[in-house]
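# Descriptive analysis of the structure
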Amino acid sequence: MNFELSSENIQVKNMARAIAEKEILANVKYFEQERKFPKEILQKMGAAGIFGACFPEKYGGSEMGFLNLAIIAEEISKAHPSFGYAFNMQAMTCPFTILNWGTEEQIQKYVPDLIKANLIGMFALTESGGGSDPAGSMKTYARLEGDEYVINGSKTWITFANEADVGVLFAKTDLKAGHKGISAFIVETNRPGFTAKPIEISSLGFMMRSCEVFLEDYRIPKENLLGKEGEGFKIAMNALDYGRLTVSSRLVGIAQGCVDESIKYCNERIVGGNPIGEYQMIKHLIADMVVETDAARLQTYRSAYLKDKGETATRESSYAKYFASEVAAKVSRNALEIFGGNGISDEYPIMKYVNYANMLHFGEGSANIQRILIANDALGIKNANRHHIERRFALSSDIRDGKKAESING
Ligand SMILES: Cc1cc2nc3c(=O)[nH]c(=O)nc-3n(C[C@H](O)[C@H](O)[C@H](O)COP(=O)(O)OP(=O)(O)OC[C@H]3O[C@@H](n4cnc5c(N)ncnc54)[C@H](O)[C@@H]3O)c2cc1C
């Protein structure tokens, strides 16, 4: 077992840090104040191969692998957590799902432009009836009419939907078949019947919007079906399985950002004649922050390492996502304590870290949902009367080639 990053990993980390400093940190105030979507920056990140890390070269990918993707996502999220959302939309849930389930024609048409951020992506699963139960709450319906699907319904919290050109969207094609009646579609947002309305969020530093999406007699050619009719649920769960890796990397980035800023502040801030870092109770906070961030990173790297070996690593991704979300929430809270009143000032990124750490608690399966999965796995609960949510995740390790890899629920 080797815990050292290779020289290639270190190079990738340095490259990501350089991009974060030049493109993100140098422009942060402008984007936050203007609340403008930073497409040019995403394109520069795309040109550097960042979003294509896990894609084959023949589709414009850089074939760097999941560990390098985790390393990059951490660095970018540390610089500004809102840019972390780009990983799910430009590197994972949107293009990777098309790569995993699309026809050669669909892949060629969308993937190269998505990973270069020439096209902005979205992933539209959640509906207002409850993101933790996507199958039970799904009312969006697609009916086949001649050569087209006609889709009606709505989605909520869809990140980038107001900027997106293309996305993977889930709708029921059979209302009586439960989760087996869900299908996945590649939608283009410039067609009539598609509307995205940003959700107002005043939380500090939140410049990338999530949206409500409305589909009113929205028509797409039947060739835009992704996978087969009825496979949508399996596709969604498989996508979230990969999404959990980027979310845990982003949470590690947030936690590390808190550690770095707090260490600097502890040495600079003099109160009662001493740098606050010399006070025992502050040392206690710092020690917990350093150790817990390191442990969350190790869990995340393990899940990336297993994915690089070709394993689905459903269990390990779930552990990493759950643990990293708890750690980021605690570490950012500790940072706020260390900074005192200055922690809520725009001069420092602490409140931004606090907000994003707490928001990411929900993404790709909330903390409670991860607990259910992990406990069921530990207890060996395999079947019987599981709640629909557990069924939702039991399928998450089904992969394209039909191999039923290790599932968190056995
Ligand atoms: C900033 C942001 C961006 C997002 N981006 C996207 C996106 O791009 N695409 C997309 O499809 N979705 C997106 N989402 C939605 C996200 O996936 C959901 O918020 C998440 O799945 C939780 O769903 P919910 O918010 O409806 O909470 P609910 O499902 O209403 O859950 C509320 C609470 O109850 C708990 N709970 C629910 N059921 C159980 C149970 N059986 N046992 C124990 N506890 C339970 C949950 O853990 C949670 O704490 C985004 C959300 C946010 C906040």
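Taking an unreviewed UniProt entry as the reference, the protein is identified by name as Isovaleryl-CoA dehydrogenase belonging to Cytobacillus oceanisediminis. Listed in UniProt under the heading Sequence similarities (unreviewed entry), the comment for the protein reads: "Belongs to the acyl-CoA dehydrogenase family." According to UniProt, the comment filed for the protein under the heading Catalytic activity (unreviewed entry) is "a 2,3-saturated acyl-CoA + A = a 2,3-dehydroacyl-CoA + AH2".

Under the defined criterion, the tally for this structure stands at 13 aromatic pairs. With 4.8 Å between their ring centres and 65° between their planes, phenylalanine 96 and tyrosine 242 make a pair best called edge-to-face. With phenylalanine 96 in helix H6 (residues 95–101) and tyrosine 242 in helix H9 (residues 232–268), this residue pair connects regions lying 146 residues apart in the sequence. Of the two residues examined, phenylalanine 96 and tyrosine 242, each falls in the buried class. A cation over a ring is seen here: arginine 250 above tyrosine 85, with NZ or CZ 4.3 Å from the ring centre. A cation over an aromatic ring shows up here: lysine 307 above the ring of tyrosine 242, its NZ or CZ 4.5 Å from the ring centre.

What follows concerns the packing of helix H11 (residues 314–339) against helix H13 (residues 367–379). Packing of H11 against H13 brings their axes to within 10 Å, and their N-to-C directions diverge by 135°. When the axis of H11 is compared with that of H13, the two are oblique. In terms of crossing hand, the pair formed by H11 and H13 is left-handed. Contact with H11, carried on its side by Arg315, Ser318, Tyr319, Lys321, Tyr322 and Glu326, involves Ala367, Gln370, Arg371, Leu373, Ile374 and Asp377 of H13 and no other residues of that element. Partitioned by chemical class, the residues of the contact of H11 with H13 number five nonpolar, two polar and five charged.

Moving on to the site of the ligand. For the ligand, the set of nearby residues contains 17 residues, the closest of which are Thr126, Gly131, Ser132, Trp157 and Ser366. Between a nitrogen atom of the ligand and a side-chain N or O atom of threonine 126, the distance comes to 2.7 Å. Between the ligand and glycine 131, the relevant distance is 2.7 Å, taken from an oxygen atom to a main-chain nitrogen or oxygen of the residue. Computed on the free molecule, the ligand has an accessible area of 970 Å², of which 70% lies beneath the protein chains in the complex. Elements with a minimum of two residues in the shell around the ligand: helix H5 (81–91), strand E3 (148–159) and H13. A class-by-class count of the residues in the shell around the ligand yields nine nonpolar, eight polar and no charged. Split by domain, the residues of the shell around the ligand number at least three in each of domain 2 (121–230) and domain 3 (234–394).

What follows deals with the packing of helix H4 (residues 66–79) against H9. Between H4 and H9, the least distance of the axes is 7 Å, while the angle of their chain directions is 45°. As judged from the angle between their axes, H4 and H9 are oblique. Here H4 runs over H9; the crossing is right-handed. Counting all contacts with H4, which are made through Phe66, Leu69, Ala70, Ala73, Glu74, Ser77 and Lys78, the residues of H9 involved are Tyr242, Leu245, Thr246, Ser249, Arg250, Val252, Gly253, Ile254, Gln256, Gly257 and Asp260.

If you check H13, its first and last C-alpha atoms are 18 Å apart, about what 13 residues at 1.5 Å a residue would give, namely 18 Å. Looking only at H13, the buried set comprises Ala367, Ile369, Gln370, Leu373, Ile374, Asn376 and Asp377. At the exit of H13 stands glycine 380, carrying a positive phi of roughly 70°.

Attention shifts here to the UniProt feature "domain: Acyl-CoA dehydrogenase/oxidase C-terminal" (unreviewed entry) in the protein. Listed under "domain: Acyl-CoA dehydrogenase/oxidase C-terminal" (unreviewed entry) in the UniProt record, and renumbered for this structure, are residues 230–377. Taken end to end, residues 230–377 is 76% helix and 3% strand, and its first and last C-alpha atoms sit 27 Å apart.

Turning our eyes to something else, we now look at the pairing of strand E2 (residues 141–145). Summarising the sheet, E2 and E3 pair through five bridges and their orientation is antiparallel. Pairing of alanine 142 across the sheet is with isoleucine 151, part of E3. Between E2 and E3, which follow one another and run antiparallel, lie two residues, and glycine 146 among them has a positive phi close to 65°.

With that settled, consider the domain arrangement of the protein. Domain annotation for the protein reports domain 1 (7–115), domain 2 (121–230) and domain 3 (234–394). Here domain 1 and domain 3 have C-alpha centroids that lie 20 Å from each other. Contacts between the two partners involve 25 residues from domain 1, matched on the other side by 29 residues from domain 3. The interface formed by domain 1 and domain 3 contains two salt bridges. Among the salt bridges present, the one from lysine 78 reaches aspartate 260, with a minimum N-O distance of 3.4 Å. For the interface between domain 1 and domain 3, the tally reads eleven residue pairs in polar contact (both at pLDDT 80 or more).

What counts and how
Residues numbered from 1 in each chain as written. Predicted model: local features only at pLDDT ≥ 70, side-chain atom pairs only at ≥ 80, totals over all residues. Heavy atoms only, no water. UniProt positions renumbered as here; feature names shortened; annotations may be inferred. Phe/Tyr/Trp six-rings, centres within 6.5 Å; stacked < 30°, edge-to-face > 60°. Helix = DSSP H or I, 4+ residues; strand = E, 2+ residues; numbered from the N terminus. Buried < 20%, exposed > 50% of the residue type's maximum accessible area, 1.4 Å probe, protein only. Lys NZ or Arg CZ within 6 Å of the ring centre and 35° of its normal. Axes fitted to C-alpha atoms, helices over the stretch in contact; angles between N-to-C directions. Parallel < 35°, antiparallel > 145°, perpendicular 65-115°, else oblique. Left-handed = near helix turned anticlockwise from the far one by under 90°. Contact = heavy atoms within 4.5 Å. Nonpolar A, V, L, I, M, F, W, Y, C, P; charged D, E, K, R; others polar. Near = heavy atom within 4 Å. Polar contact = N/O pair within 3.5 Å; in protein donor to acceptor, adjacent residues only side chain to side chain. Areas by Shrake-Rupley, 256 points an atom, 1.4 Å probe, with all protein chains shown as cover. Domains from an automatic or database assignment. Expected span 1.5 Å × (residues − 1). Pairing = 2+ DSSP bridges. Salt bridge = Lys/Arg side-chain N within 4 Å of Asp/Glu carboxyl O.

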